[in-house]
Structures are given as C-alpha cells and as structure tokens.
Amino acid sequence: MRGQRGKVAFFSQRTGAFFVALALLLLFSCGLPTSDYLYPPADFLSPSSNIVRLIHDTSNIDIAALFKGYEIYYRVFDSETDANSSYNYLYNNLTSSNISTVASSKGYYVLVKYNDSSAPLIPVSDNSYDYFDLNLNASSRWTITSEVGSTTTTLSSVFRDKDDSTTTTSSDADFYVSGQYSSDDHDYEGDGVSSGSSVYIVFFAVSYGVSSSLNDFYSEPIVLEPITYTPGS
C-alpha cells in the first residue's frame with residue numbers, strides 16, 4: 001500500500017506540472033503582451049485627398065504607464081516612382097524594433113509641432129478623441145485636428161523637418177510653400193518644386209511610449225501609400 005500511495009503522489013506532481021505548463025502556453029499563445037508593448041494605431045488612412053487620419057486604439061490607454069501618444073513620420077519625393085519604391089521598402093522591412101534605424105537611413109522624420117519640441121507629436125492620455133486628422137492644406141499651414149461631438153479642435157500646427165537647424169516656429173518650413181523645397185533639405189528627395197507642381201509624400205504612423213527601463217519604444221508601424229500633394233504657393 002505504501003508503494004501505491006507513492007505512485008499516486010508522483011502522478012499528482014507530474015499532473016500539476018503539466019497543467020501549469022499548459023496554462024502558461026495558453027497565456028502566451030493568446031497574443032497577450034509579455035514585455036513592454038504598444039498596440040499600433042487602430043488604422044491609418046487617407047479618407048480624402050487632403051486629410052490623413054490616424055484612428056486611436058483605445059486599448060493603449062490600458063497601458064497608460066507606457067503609452068504616450070502617436071508619431072507620424074514622412075518623406076517628400078519629386079518622383080512618384082521613387083515614392084513608391086520607398087513605400088515598398090518600408091512596407092516590407094519596417095518593424096517596431098527598427099523604427100529609428102530605418103527612419104534615419106531612409107530620410108524619414110517626425111512632423112514638427114509649432115512652438116513645441118516635446119515628444120510625441122500627438123500626446124494622448126485618455127480616450128477623449130477617437131481619431132486625429134492631419135490636414136494637408138494647400139494654401140495654409142498644416143494642422144492636426146480632432147472632433148469631440150460636433151466640435152473640431154485644433155491640437156497643433158505642424159512644419160516640415162527640413163534640416164537640423166529648423167526651429168518649431170520657422171515659417172520657411174511650411175509644406176504649402178513650393179519655393180521652400182530645396183535639394184539640400186533632408187526630408188525631401190528632388191531638385192525643387194515649381195509653383196503648381198505636385199510632390200509625393202509617404203507617411204507612416206506608430207504608437208510611441210517610454211518603456212519600464214525609460215527608453216523610447218514603438219508599436220508596429222502602419223505605412224500609407226504615397227499621397228499626391230500640390231503646394232498652393
């Protein structure tokens with residue numbers, strides 16, 4: 001009988017370990033974050049020719065200690081072919097772990113907020129806003145707006161990041177001024193834009209956060225196909 005009890009005890013220990021392992025396997029296979037993690041924007045799209053819309057993923061607020069908001073990166077091209085080539089590269093190669101490296105190597109920059117150098121571009125601390133619109137105005141400064149009910153709120157004006165010396169109040173960095181595009185600008189690939197000519201802009205968006213080890217980190221990106229834009233002056 002002593003042998004029988006020992007056998008039962010051994011079986012019980014093995015069974016318990018099996019179920020613990022199974023529970024852990026199920027937990028990790030459900031797609032739940034196992035380390036610092038951000039949900040990507042719920043969507044990133046262009047609902048009309050002059051708007052780029054980022055839809056907020058409300059799940060990020062559940063990890064508000066990490067999540068700070070959203071960043072929108074961009075690059076401007078004279079050539080539609082070059083814009084499509086860059087888009088395809090990003091679509092096939094850009095991941096949450098190489099955002100900074102790829103952006104730097106391919107000449108992508110975050111939009112510059114007017115008179116505000118803090119990160120992120122779009123700070124979000126609650127679920128007051130469902131989405132954010134980047135307005136690609138043809139004859140005035142670009143803005144980021146959102147709606148609560150029937151009220152449209154302008155969150156910030158934005159500039160290009162033309163070079164390392166560009167300030168957050170520099171009017172020579174407006175997207176809508178065709179004469180301000182130069183081959184020396186690090187956010188632009190071309191020889192200059194004449195009045196009435198179009199450019200092609202590739203955008204991608206990510207959720208931005210600060211990790212538990214106080215490092216910047218990002219969600220998986222959403223890359224938008226090139227948008228045709230014609231500066232108005």
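Summarised in this report is the structure supplied together with it.

Cut-offs and rules
- Residues numbered from 1 in each chain as written.
- Predicted model: local features only at pLDDT ≥ 70, side-chain atom pairs only at ≥ 80, totals over all residues.
- Heavy atoms only, no water.
- Pairing = 2+ DSSP bridges.
- Helix = DSSP H or I, 4+ residues; strand = E, 2+ residues; numbered from the N terminus.
- Core = buried A, V, L, I, M, F, W, Y, C linked by side-chain atoms within 4.5 Å.
- Buried < 20%, exposed > 50% of the residue type's maximum accessible area, 1.4 Å probe, protein only.
- Contact = heavy atoms within 4.5 Å.
- Arc of directions from axis to C-beta.
- Salt bridge = Lys/Arg side-chain N within 4 Å of Asp/Glu carboxyl O.
- Phe/Tyr/Trp six-rings, centres within 6.5 Å; stacked < 30°, edge-to-face > 60°.
- Lys NZ or Arg CZ within 6 Å of the ring centre and 35° of its normal.

Sheet faces and side chains relate simply in a regular strand, where the side chains alternate between the two faces. As paired elements, strand S1 (residues 43-48) and strand S2 (residues 51-55) share 4 bridges and run antiparallel to each other. Residue pairing in the sheet places Ser48 in a bridge with Ile51 of S2. Sheet topology note: the S2/strand S7 (residues 131-135) ladder contains 5 bridges and is antiparallel. In the sheet register, Ile51 faces S7, and the bridge partner there is Asn135.

On to the nonpolar core. With 36 residues, the main nonpolar core has Ile72, Leu134, Trp142, Phe203 and Tyr229 as its most contacted residues. Within the residue set of this core, elements represented by two or more residues are S2, strand S3 (67-77), S7, strand S8 (142-148), strand S11 (199-210) and strand S13 (222-229). A per-element tally of this core places S3 first, with 5 residues. The contacts of Phe203, once residues within four sequence positions are left out, are Phe44, Val52, Ile72, Tyr73, Tyr74, Leu134, Leu136, Trp142, Ile222, Val223, Leu224 and Ile227.

Those residues of helix H3 (residues 99-106) lying buried are Ile99, Val102 and Ala103. Buried residues of H3, viewed axially, fall in a sector of 100 degrees; they line one side. Turned more than 90 degrees away from the buried face of H3 sit Thr101, Ser104 and Ser105, all of them exposed. Looking at the packing, one finds that the buried side of H3 touches S3, helix H2 (80-93), S11 and strand S12 (216-218). Just beyond H3, the residue with positive phi is Gly107, at close to 75 degrees.

Attention now goes to the pattern of salt bridges. A complete count under the given rule lists 6 salt bridges for this structure. Across the pair Arg75 and Glu189 runs a salt bridge whose closest N-O atoms are separated by 3.7 Å. Placement of the pair is Arg75 in strand S3 and Glu189 in strand S10 (residues 188-189), with a sequence separation of 114 residues. Arg75 gets classed as buried once you look at its relative accessible area, which sits at 9%. Residue Arg160 pairs with Asp187 through a salt bridge whose shortest N-O separation is 2.8 Å. Pair noted here: Arg160 is in the loop between strand S9 (151-159) and S10 and Asp187 is in the loop between S9 and S10, with a separation of 27 residues, a long-range link. As far as burial versus exposure is concerned, Arg160 and Asp187 are alike and both buried. Taken together, the salt bridges that share partners define one network made up of Arg160, Asp185 and Asp187.

Turning to the packing of aromatic side chains, a few remarks are in order. For any pair of aromatic rings, the description rests on two quantities: the centre-to-centre distance and the angle between the ring planes. By the definition in use, this model includes 14 aromatic pairs. Between the aromatic rings of Tyr108 and Phe204, the centroid separation amounts to 5.8 Å while the plane-to-plane angle is 50 degrees, which identifies the pairing as tilted. Highlighted residues: Tyr108 in the loop between H3 and strand S4 (109-110) and Phe204 in strand S11, separated in sequence by 96 residues. Note on Tyr108: relative accessible area 3%, which makes it buried. For the pair Trp142 and Phe203, a centre-to-centre distance of 6.4 Å together with 40 degrees between the ring planes defines the contact as tilted. Of this pair, Trp142 sits in strand S8 while Phe203 sits in strand S11, placing them 61 residues apart in sequence. Ring-pair connections join several aromatic residues into one group, and the members of that group are Tyr74, Trp142, Phe175, Phe203 and Tyr229. Note that Arg75 overlies the ring of Phe77, its terminal NZ or CZ placed 5.8 Å from the centroid.

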